[in-house]
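# Notes for the structure review
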Amino acid sequence: MPELPEVEVSCRGIAPHLQQQKIAQIIVRDRRLRWPVPEEIDSVVGALITKVERRAKYLIVHTSAGHLIIHLGMSGALRVVPANTPTVKHDHIDLVLESGKCLRFNDPRRFGCWLFSKEHPSENHPLLRALGPEPLTDAFNEAYLFKASRGRQQAIKTFIMDNHVVVGVGNIYANEALFKAGIHPKRAAGKISQRRYEQLVPIIKATLAKAIEQGGTTLQDFTQADGQPGYFKQELMVYGRGGKLCMQCSGRLKEIRLGQRSTVYCPSCQR
């Protein structure tokens, strides 16, 4: 599943092609996504796209007539292609621009979504209004996370993956950040000291920022009609490496299930 860095790279990849362009047409070939694609999305036909931004793992296309909310789900991908480019299997939606290009959405598993909101969705839409702060903003800081953790018996890994606490720290980056901070993923969030949160928060920010930077090399992929999704190979120290040797101590990494997700950690390095 695409995580925050991949969605941020998607946003950066498509934004220059969409912003300040008028929408000529929306073609919906299959409305059966995670939620049925609403007829209201036709409201933006003829409107000017003013901005494309990311909130958590949602992409928001702001227009003069309302807002499109896009989620890639588990297998969704976006491409900017000439509008007359032949479609392939699972090309469900085209956002056709007056420039002659279109934003094409392909989603084999159909867990993504395209929704419409007349009002600004970050403040009003039920999917977005209760989300926690963005991890790369000043609102997400050591004091905030320490305070939010007090009294919580929840494992630290599932705590930092909770979108009501902070958005976008998905499974990959929770594994990696906790390893770099030397924190055992099963430790209760409320029992971790302020000093350790002062170490963890900058590591979360740096881990995500590095992944976004790596993904910047794939931005051109968003205009290649026959390319794969513009996601990128990441340098991972623990995720997906259960049973292999720790890169720090050469001990054996352990893999467990935590919050129904694969969790890999080093029993020696993480306490």
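To start, this report covers the structure provided alongside it.

Rules behind the numbers
Counting starts from 1 at the beginning of each chain's written sequence and moves along it residue by residue. The predicted nature of this model means local features are confined to residues of pLDDT at least 70 and side-chain atom pairs, given and counted, to a pLDDT of 80 or more, with totals for whole chains, interfaces and linings taken over all residues. Calculated side-chain values reflect all of the structure's heavy atoms, with hydrogen atoms and water omitted. Axes, fitted as lines to C-alpha atoms, cover a helix only where it is in contact. Angles between the N-to-C directions of the axes lie from 0 to 180 degrees. By definition, any uninterrupted DSSP run of H or I lasting at least four residues is a helix, any uninterrupted run of E lasting at least two residues is a strand, and each is numbered from the N terminus. Note on angle classes: values under 35 degrees are labelled roughly parallel, values over 145 roughly antiparallel, values of 65 to 115 roughly perpendicular, and the remainder oblique. In this scheme the crossing of two helices becomes right-handed for a clockwise turn of the near helix relative to the far one and left-handed for an anticlockwise turn of less than a right angle. When checking whether two residues touch, look at their non-hydrogen atoms; a contact exists if any pair is within 4.5 Å. Joining through side-chain atoms within 4.5 Å is the link that ties buried Ala, Val, Leu, Ile, Met, Phe, Trp, Tyr and Cys residues into a set, and such a set is a nonpolar core. Any residue under 20% of the maximum accessible area for its type is buried, any over 50% is exposed, and the rest in between are partly exposed; the area is computed with a 1.4 Å probe on protein chains only. Being paired, for any two strands, means DSSP has found at least two bridges between them.

Here the focus is the packing of helix 3 (residues 142-149) against helix 6 (residues 194-215). It is the contact of helix 3 with helix 6, at a shortest axis distance of 9 Å, that shows an interaxial angle of 125 degrees. Looking at the two axes, helix 3 sits oblique to helix 6. Our pair here, helix 3 against helix 6, has a crossing hand that is right-handed. Here helix 3 contributes Glu142, Leu145, Phe146 and Ser149 to the contact with helix 6, which in turn contributes Gln194, Tyr197, Glu198, Leu200, Val201 and Pro202.

Quick look at the nonpolar core now. Counting residues in hydrophobic clusters, the biggest one holds 27 residues, and the most contacted among them are Leu18, Leu95, Leu103 and Trp114. By residue number, the principal contributor to this core is helix 1 (residues 4-18), which donates five residues. In contact with Trp114, not counting residues within four places along its chain, are Leu33, Val37, Pro38, Leu68, Ile69, Ile70, Leu78, Ile93, Leu95, Leu103 and Phe105. Listed in part, the 26 residues of the second largest apolar core include Phe140, Leu145, Ile172 and Ala181.

Moving on: the sheet that holds strand 7 (residues 101-106). The four strands lie next to each other as 1-6-7-5, forming an open sheet whose pairing is antiparallel. Taken across any chain shown, the strands that pair with only one partner, and hence form the sheet edges, are strand 1 (23-28) and strand 5 (77-82). Geometrically, the sheet is characterised by an average inter-axis angle of 20 degrees between neighbouring strands, direction not taken into account.

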